[in-house]
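Here's the letter readout for the chains.
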Amino acid sequence: MVNNKHRQRNAAPRSKAVQLTIDYSYIILGSIIVGLAFRLFLFPNEIASGGVSGISTITGHLFGIEPAITQWVLNIPLFIAGVIFLGKQFGVKTLVGTILLPFVVYLSRNMEPITTEPLLAALFGGIGIGLGLGLVFRGKASTGGTDLAAQIIHKYTGLSLGVAVLILDGLVVTASAFAFNIEFALYALISLYVTSKTIDLVQVGLGYAKVAYIISNEAEKISQALLNDLDRGMTKLKATGGYTEDERPVLMCVVHQMEISKLKHLVKLHDPNAFVIVHNANEVLGEGFKKEA
């Protein structure tokens with residue numbers, strides 16, 4: 001998509017050792033962030049926002065059981081069940097997250113909560129959990145828990161993975177309504193929503209690019225302008241007019257947000273009657289954009 005005459009080739013791929021170091025750094029940092037978000041925001045405010053951490057919040061407040069113990073007791077058997085029923089694809093990375101997260105929760109047991117306002121705790125706890133999980137996912141791992149249970153349910157019942165996760169998290173949130181009250185269950189739902197959005201943000205990033213589809217009788221002039229003046233390549237898609245039945249190319253060009261105005265200017269300069277469609281691209285991988293997923 002990018003003009004190779006104006007851009008250097010990508011650097012050599014990372015070595016396996018370097019990539020493993022990066023992956024484990026994501027897993028360790030992410031697990032620490034999740035553990036601290038749980039301890040500083042969610043647990044002290046009785047917000048059980050799904051998953052094993054939500055179960056540990058309920059048992060911790062009702063029975064006085066240290067949350068880290070509950071998480072270890074549930075996570076390790078779930079990990080073993082995942083290996084038995086789903087195969088060994090989880091590997092060492094997920095095992096690291098499964099063990100490290102409760103360890104962080106245990107080490108931070110004497111830390112004071114940052115806030116005792118439930119809404120603030122739900123919002124910032126959700127952000128912290130989402131940020132941490134997003135980093136763990138970037139390390140190609142998970143922290144175990146009900147995600148593994150959901151995958152087992154998905155495999156043996158035919159339910160979609162999203163529905164399975166929704167059911168398990170829904171049961172935990174429902175249990176929190178009985179254990180505490182309905183208001184705290186509503187805070188838990190807020191936290192779950194914020195967590196999901198933050199995970200998406202970490203996975204995709206803030207840098208939205210733009211995809212432009214250009215239909216014009218001056219396609220060749222416009223393509224040369226994009227190559228030479230904008231320093232962007234494009235893909236020519238074969239298309240046929242629905243009314244005229246004429247064959248003509250559709251230019252597909254991906255640019256950064258700050259380049260879209262110049263792109264429209266160049267198109268209008270060469271063909272004021274060109275038909276242009278522009279929409280967001282949440283993530284673009286490749287030369288001229290992000291180098292890796």
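Quantities reported herein were computed from a predicted structural model and do not represent experimental measurements.

1. Re the packing of aromatic side chains
Here a ring pair, both rings aromatic, is described through the centre-centre distance and the interplanar angle of the planes.
Logical step 1: Tallied over the entire structure, the rule returns five aromatic pairs.
Logical step 2: Relative to Tyr 106, the ring of Trp 72 lies with its centre 6.5 Å away and its plane at 45 degrees, an arrangement referred to as tilted. Of this pair, Trp 72 sits in helix α3 (residues 67-86) while Tyr 106 is found in helix α4 (residues 91-107), placing the two residues 34 residues apart along the sequence.
Logical step 3: Between the aromatic rings of Phe 180 and Phe 184, the centroid separation amounts to 6.5 Å while the plane-to-plane angle is 65 degrees, which identifies the pairing as edge-to-face. Across the pair, exposure class does not vary: Phe 180 and Phe 184 are buried alike.
Logical step 4: Feature note: the residues Phe 180, Phe 184 and Tyr 187 constitute an aromatic cluster, connected by ring pairs.

2. Regarding unusual backbone geometry
Note on backbone geometry: most residues besides glycine have negative phi, and most peptide bonds are trans.
Logical step 1: Unusually for a residue other than glycine, Glu 46 sits at a positive phi of about 60 degrees.
Logical step 2: By the element assignment, Glu 46 lies in the loop between α1 (16-42) and α2 (51-63).
Logical step 3: Residue classification places Glu 46 among the partly exposed residues on the basis of a relative accessible area of 25%.
Logical step 4: Positive phi, close to 60 degrees, is recorded for Asp 231, a residue that is not glycine.
Logical step 5: Relative to the helices and strands, Asp 231 is located in the loop between α9 (219-228) and β2 (235-240).

3. Let's talk about the UniProt feature "transmembrane region" (unreviewed entry) in the protein chain
Logical step 1: Under the local residue numbering, the UniProt record ascribes the feature "transmembrane region" (unreviewed entry) to residues 21-42, 62-85, 90-107, 119-137 and 158-180.
Logical step 2: With 88% helix and 0% strand, residues 62-85 has its two end C-alpha atoms placed 32 Å apart.

4. Here we look at the packing of α1 against helix α5 (residues 118-138)
The angle between the axes and the distance between the axes are what describe a pair of packed helices.
Logical step 1: It is at 7 Å that the axes of α1 and α5 come closest, and there the two elements cross at 165 degrees. Relative to α5, the element α1 is oriented roughly antiparallel. Handedness of the crossing formed by α1 with α5: left-handed. The residues of α5 that touch α1, namely those facing Asp 23, Tyr 26, Ile 27, Leu 29, Gly 30, Ser 31, Ile 33, Val 34, Ala 37, Phe 38, Phe 41 and Leu 42, are Ala 121, Phe 124, Gly 125, Gly 128, Ile 129, Leu 131, Gly 132, Leu 133, Leu 135, Val 136 and Arg 138.
Logical step 2: Grouping the constituent residues of the contact of α1 with α5 by class yields 16 nonpolar, five polar and two charged.

5. Overview of the pattern of salt bridges
Logical step 1: One pass over the full model with this rule turns up five salt bridges.
Logical step 2: A salt bridge links Lys 236 to Glu 220; the shortest N-O distance between them is 3.1 Å. Of this pair, Lys 236 sits in strand β2 while Glu 220 sits in helix α9, and the two are 16 residues apart along the sequence.
Logical step 3: Of the residues examined, Glu 220 reaches a relative accessible area of 46% and is grouped as partly exposed.

6. Points about the pairing of β2
Logical step 1: Pairing of β2 with strand β3 (residues 247-256), which is carried by six bridges, proceeds in the antiparallel orientation. Paired with Lys 236 across the strands is Leu 251, a residue of β3.
Logical step 2: Between β2 and β3, which pair antiparallel and follow one another directly, the connecting turn spans six residues, one of which, Glu 245, has a positive phi of 65 degrees.

7. Some remarks on the side chain of Asp 169
Logical step 1: Within the element layout of this structure, Asp 169 appears in helix α7 (residues 161-179).
Logical step 2: Lys 197 provides the closest opposite charge to the buried, unpaired Asp 169, separated from it by 15 Å.
Logical step 3: Apart from residues no more than four positions distant in its own chain, Asp 169 is found in contact with Gly 50, Gly 51, Thr 146 and Leu 192.

8. So, the sheet that holds β2
Paired through backbone hydrogen bonds, the strands of a sheet run either parallel or antiparallel to each other.
Logical step 1: Ordered in space as β2-β3-β1-β4, the four strands form an open sheet in which the pairing is antiparallel. A single partner strand is all that each edge strand has here, and the edge strands are β2 and β4 (275-281). Each strand axis lies, on average, 25 degrees off the axis of its neighbour in the sheet, ignoring direction.
Logical step 2: Inspection of the sheet shows strand β1 (residues 209-215) paired to β3 by seven bridges, in the antiparallel sense. Bridge assignment links Ile 214 to a residue of β3, and that residue is Leu 251.

Cut-offs used in this document
Residues numbered from 1 in each chain as written. Predicted model: local features only at pLDDT ≥ 70, side-chain atom pairs only at ≥ 80, totals over all residues. Heavy atoms only, no water. Phe/Tyr/Trp six-rings, centres within 6.5 Å; stacked < 30°, edge-to-face > 60°. Helix = DSSP H or I, 4+ residues; strand = E, 2+ residues; numbered from the N terminus. Buried < 20%, exposed > 50% of the residue type's maximum accessible area, 1.4 Å probe, protein only. UniProt positions renumbered as here; feature names shortened; annotations may be inferred. Axes fitted to C-alpha atoms, helices over the stretch in contact; angles between N-to-C directions. Parallel < 35°, antiparallel > 145°, perpendicular 65-115°, else oblique. Left-handed = near helix turned anticlockwise from the far one by under 90°. Contact = heavy atoms within 4.5 Å. Nonpolar A, V, L, I, M, F, W, Y, C, P; charged D, E, K, R; others polar. Salt bridge = Lys/Arg side-chain N within 4 Å of Asp/Glu carboxyl O. Pairing = 2+ DSSP bridges. Lys, Arg positive; Asp, Glu negative; His and termini not counted.

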